[in-house]
Amino acid sequence: MKEPTDAVLWKVLAAASSREGELPLPSPFLGARVRAVAAARLTDEHPIGQLAWRLLPALTLAGLLLSGVSVVATREAAAARRAAVASLSTGDVLLAISMRSGGSR
Amino acid sequence: MCGSSTEDSDGSLAASAAAGNGEAFDELVRRHQPRLLRLAGRFFRRPELVEEVVQEAFLKAYTCLKGFRGDRPFGHWLTRIAVNASYDQLRRQRARPETALDDASVLDLLASPDGTESEVARITAGQLLARLSPEERLVLTLTVLENLPVKDVAGLTGWSIPNVKVRAFRARRKLRRVLGGVS
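Just so we're clear, the structure is a prediction, and the values are computed from it rather than from any experiment.

What to know about the domain arrangement of chain B
Residues and elements named next belong to chain B.
Inference 1: When its domains are assigned, chain B resolves into domain 1 (10-98) and domain 2 (131-183).
Inference 2: Of note, the centres of domain 1 and domain 2, computed from C-alpha atoms alone, are 22 Å apart.
Inference 3: On the domain 2 side, the residues contacting the 12 residues of domain 1 number 16 residues.
Inference 4: Between domain 1 and domain 2, a total of about 1,400 Å² is buried, with carbon and sulfur atoms accounting for 62% of that surface.

Details of the side chain of B:Glu136
Residue and element names in this part refer to chain B.
Inference 1: Tracing the sequence through the fold places Glu136 in helix H7 (residues 134-145).
Inference 2: Polar contacts involving the side chain of Glu136 include one to the side chain of Lys174, which spans 3.2 Å.
Inference 3: Once you skip the residues sitting within four places of it in the chain, Glu136 turns out to touch Ala171 and Lys174.

Looking at the interface of chain B and chain A
Inference 1: Opposite the 45 residues of chain B that make contact, chain A presents 33 residues.
Inference 2: Summed over both partners, the interface of chain B with chain A comes to about 3,500 Å²; 64% of that surface belongs to carbon and sulfur atoms.
Inference 3: Together, B:Gln55, B:Arg122 and B:Arg176 form the three largest contributors to the area buried by chain B at its contact with chain A, with a combined 18%.
Inference 4: The interface formed by chain B and chain A holds 3 salt bridges in total.
Inference 5: Taking the shortest distance from any N to any O, the salt bridge between B:Arg122 and A:Glu22 comes out at 2.6 Å.
Inference 6: Our enumeration of links across chain B and chain A arrives at 10 residue pairs in polar contact (both at pLDDT 80 or more).
Inference 7: Tallied by class, residues from the side of chain B that touches chain A come to 22 nonpolar, 11 polar and 12 charged.

Let's talk about the environment of A:Ala32
All names here are of chain A.
Inference 1: Structurally, Ala32 can be placed in helix H2 (residues 30-45).
Inference 2: The exposure class of Ala32 is partly exposed, given its relative accessible area of 39%.
Inference 3: C-alpha separation for the pair Ala32 and Leu59, spaced 27 residues apart in sequence, amounts to 34 Å.

Some remarks on the nonpolar core
Inference 1: B:Phe58, B:Leu65 and B:Phe74 are the most contacted members of the largest nonpolar core, which totals 63 residues.
Inference 2: Shared between two domains, this core holds at least three residues of each, these being domain 1 (10-98) and domain 2 (131-183) of chain B.
Inference 3: Apart from the residues within four sequence positions on either side, B:Phe58 is in contact with A:Leu30, A:Val34, B:Phe25, B:Leu28, B:Val29, B:His32, B:Gln33, B:Leu36 and B:Leu78.

Section: the pattern of salt bridges
Residues and elements named next belong to chain B.
Inference 1: This model, assessed by the stated rule, comprises 11 salt bridges over all chains.
Inference 2: Ionic pairing is found between Glu27 and Arg31, a salt bridge with its closest N-O pair at 3.1 Å. Of the two residues, Glu27 and Arg31 both sit in helix H2 (residues 22-43), 4 residues apart, roughly one turn of that helix.
Inference 3: What you see here is one network of salt bridges that share partners, running through Asp10, Glu27, Arg30 and Arg31.

As for the packing of aromatic side chains
Residue and element names in this part refer to chain B.
Inference 1: By the definition in use, this model includes 7 aromatic pairs over all chains.
Inference 2: For the ring pair Phe25 and Phe58, a centre distance of 6.5 Å and an interplane angle of 90 degrees mean the geometry is edge-to-face. Of this pair, Phe25 sits in helix H2 while Phe58 sits in helix H3 (residues 47-63), placing them 33 residues apart in sequence.
Inference 3: Given a relative accessible area of 2%, Phe25 falls into the buried group.
Inference 4: Since its relative accessible area comes to 1%, Phe58 is described here as buried.
Inference 5: Cluster of aromatic residues (ring-pair linked, three or more members): Phe25, Phe58 and Tyr62.
Inference 6: For Arg91, the ring lying beneath its charged end belongs to Tyr87, and the centroid distance is 4.4 Å.
Inference 7: It is Arg167 that lies over the ring of Trp159; its NZ or CZ is 4.1 Å from the centre.

What about the confidence of the model for chain B?
Inference 1: Here chain B averages 85 in pLDDT, while 81% of its residues score no lower than 70.
Inference 2: When pLDDT is averaged over each helix and strand of chain B, the minimum, 63, is found for helix H5 (residues 103-111) of chain B and the maximum, 95, for H3(B).

Describing the packing of H2(A) against helix H3 (residues 47-86) of chain A
Residues and elements named next belong to chain A.
Inference 1: Contact geometry for H2 and H3: axes closest at 5 Å, N-to-C directions at 65 degrees. As summarised for this structure, H2 and H3 are arranged roughly perpendicular, according to the angle between their axes. Residues Thr43, Asp44 and Glu45 of H2 pack against Pro47, Gly49, Gln50 and Trp53 of H3.
Inference 2: Taken together, the residues of the contact of H2 with H3 sort by class into 2 nonpolar, 3 polar and 2 charged.

Brief notes about the environment of B:Glu23
Residues and elements named next belong to chain B.
Inference 1: Following the sequence through the fold, Glu23 ends up in helix H2.
Inference 2: Residue Glu23 is classed as exposed on the basis of its relative accessible area of 67%.
Inference 3: Taking C-alpha positions, Glu23 is 36 Å from Arg137, a pair spaced 114 residues apart along the chain.

Conventions and cut-offs
- Residues numbered from 1 in each chain as written.
- Chains lettered and ligands numbered in written order.
- Predicted model: local features only at pLDDT ≥ 70, side-chain atom pairs only at ≥ 80, totals over all residues.
- Heavy atoms only, no water.
- Domains from an automatic or database assignment.
- Contact = heavy atoms within 4.5 Å.
- Buried area = accessible area lost by both parts, 1.4 Å probe.
- Helix = DSSP H or I, 4+ residues; strand = E, 2+ residues; numbered from the N terminus.
- Polar contact = N/O pair within 3.5 Å; in protein donor to acceptor, adjacent residues only side chain to side chain.
- Salt bridge = Lys/Arg side-chain N within 4 Å of Asp/Glu carboxyl O.
- Nonpolar A, V, L, I, M, F, W, Y, C, P; charged D, E, K, R; others polar.
- Buried < 20%, exposed > 50% of the residue type's maximum accessible area, 1.4 Å probe, protein only.
- Core = buried A, V, L, I, M, F, W, Y, C linked by side-chain atoms within 4.5 Å.
- Phe/Tyr/Trp six-rings, centres within 6.5 Å; stacked < 30°, edge-to-face > 60°.
- Lys NZ or Arg CZ within 6 Å of the ring centre and 35° of its normal.
- pLDDT = per-residue confidence, 0-100.
- Axes fitted to C-alpha atoms, helices over the stretch in contact; angles between N-to-C directions.
- Parallel < 35°, antiparallel > 145°, perpendicular 65-115°, else oblique.

Okay, here's the thing in structure tokens:
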């Protein structure tokens, strides 16, 4: 077979490229979209943004730990209150009721 | 001169956009988007890929606007960015597995008059070009399809003129070998 000419190469390249009617239509919103994407990337690339992303796992963990501590502390406080009430004698209860109602006889 | 006033206008819009004027940037996009779509369309057939390359090119231009010195036309600067964005996309596509070529579709491609190839023939052309490296595809598209002088290709790609010549020669030889091998 004879060697393909530049015209043949051109035909192959043209066949693999988009025709005029196949091209996407220009978008009137592309400029705004590009600016929005650039702003988002800028936030991600800003030192504070990057620091926030790096600290996010640690902050999440700290938040979970604090929530856990708070739950445990609340339960322990409730249990202590119940134990304290249970340990009161009948006389202590009567005295407390009379003090709350304002009597001190 | 009409062309120069347009370029001056592009330059002033670029300066204004670099200073934070979003509308100036939108106007630049409006002016140059059709040309960049056509350029990206030389490399890709999938419309979403063409759009992606053009958006990436404008994004790069937007973030580098402060680096535009105005010593050359804005359109040329933008074209260079678009060529690089197309090249990056070609490199990302490089991992595609090669598929077997159908001799009949290659003959159909080669025998058909310009612009009337069947879809199968056009897919075959894509498969043929997938056998080239991104550099070879880029340099062939610019020199053969766009018919750009070597000097312009060097300016757009950032490669030296001898480098462009060597790559174009090797790419032509490789594509001819691929075509000769299947038909």
